[in-house]
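# Notes for the structure review
Listed here are the chains, written in short residue letters.
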Amino acid sequence: MKINWKPGTMIYPLPAVLISCGDAPENYNMFTVSWVGTACTNPAMCYISVRPERHSYPIISRTGEFVINLTTAEMAKATDWCGVRSGKDYDKAKVTGLTYAPSVKIKAPIIAESPLSIECKVKQIIPLGTHDMFLAEVLNVQADDKFLNEETGEWNLAAADPLVYVHGKYFHTGEFIGKFGWSVKKK
């Protein structure tokens, strides 16, 4: 039997990501977001949803840039900490030990420890209620080559042990089940 709940955001798991922003070292910041996703394949577009009162909201609004940095189980404590502390009060890189590094196409930095960093240019800000959605075009992706299979050329995010968020809790991702299309592949 199913029970009815009030409307809510129950689409889980979501990646727990660190968003980095700023256009100069003195205003760089990183903060945790789980309201993140893919919006379009061509052109490659994604989004983050951010509360206007967050310290980074005016930085992203002004610069029109941000980086989505995927996180790992190894980065879990820093990821959580960056979600509960404000960049107006702390130098988050200094406190967490995470490192800013240059992006290729934008001024906002990547986080060097992230296995995958997605450089984004804001195309539209959509007010939604408690959050505003920053819809953005992906300009570049930086992937850590230590997760690249030299024989096949395949990049293996699962080897990085990605961190996901489920209704207020962080988890590892699960065991490999199959590749897209495996259910209809002829033997």
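Description of the structure in this document. Sequence order as written defines the numbering, with residues in each chain counted from 1. Whole-chain, interface and lining totals are the exception, using all residues; otherwise, since this is a predicted model, local features are given only for residues with pLDDT of at least 70 and side-chain atom pairs are given and counted only at 80 or more. To obtain the side-chain values, all non-hydrogen atoms of the structure were included, while hydrogens and water were left out.

## Things to note about the overall build of the protein
- Comment: elements are numbered from the N terminus, with helices defined as DSSP H or I runs of at least four residues and strands as E runs of at least two. When its secondary structure is counted, the protein shows three helices and twelve strands.
- Taking 187 residues into account, the globule formula puts the C-alpha radius of gyration at 16 Å, and the protein, at 17 Å, falls close to it.
- The C-alpha extent of the protein, read off along each of the three principal axes, is 55 × 50 × 35 Å.
- Residue burial in the protein is summarised as follows: out of 187 residues, 39% are buried. Based on C-alpha atoms, the radius of gyration is set beside the globule rule, defined as 2.2 Å times the residue count to the power 0.38. Exposure classes here rest on a 1.4 Å probe applied to the protein chains alone. A residue is buried below 20% of its type maximum, exposed above 50%, and partly exposed in between.

## Regarding the nonpolar core
- Throughout this description, the term nonpolar core refers to a set of buried Ala, Val, Leu, Ile, Met, Phe, Trp, Tyr and Cys residues connected via side-chain atoms within 4.5 Å. The biggest cluster of nonpolar side chains holds 22 residues, and the ones touching the most others in it are Ile19, Ile48, Ile60, Phe66, Ile68 and Phe134.
- Counting residues per element, this core draws most heavily on strand β9 (residues 116–127), which supplies four residues.
- Here, two residues are considered to be in contact whenever any of their heavy atoms come within 4.5 Å of each other. Those residues in contact with Phe134, other than ones at most four positions away along the chain, are Cys46, Tyr47, Ile48, Val50, Tyr57, Ile60, Ser61, Phe66, Val122, Gln124 and Ile125.
- Counting residues in each nonpolar core, the second largest holds eight residues, with Met75, Ala78, Leu98 and Ile111 among its members.

## Considering helix α2 (residues 76–84)
- Turning to α2, its buried residues number three or more, namely Ala76, Ala78, Thr79 and Cys82.
- Check the buried side of α2 and you find it contacts β2 (17–21), β3 (29–33), α3 (92–96), β11 (163–166) and β12 (169–172).

## Here's the deal with the sheet that holds β9
- Strands qualify as paired when DSSP identifies two bridges or more between them. Strands sit in the order β3-β2-β6-β9-β10-β5-β4 across an open sheet of seven strands; the sheet is antiparallel. Looking at the sheet topology across the chains shown, the edges are occupied by β3 and β4 (36–40). Pairwise comparison of adjacent strand axes, ignoring direction, gives a mean angle of 35° for this sheet.
- The pairing of β9 with strand β10 (residues 132–143) spans eleven bridges and is classified as antiparallel. Looking across to β10, one finds that Ile126 is bridged to Met133.
- To define axes, lines are fitted to C-alpha atoms, for helices over the stretch in contact only, and angles between the resulting N-to-C directions are given on a 0 to 180 degree scale. Set on the sheet, α2 makes contact with β2 and β3; between it and β3 the angle comes to about 100°.

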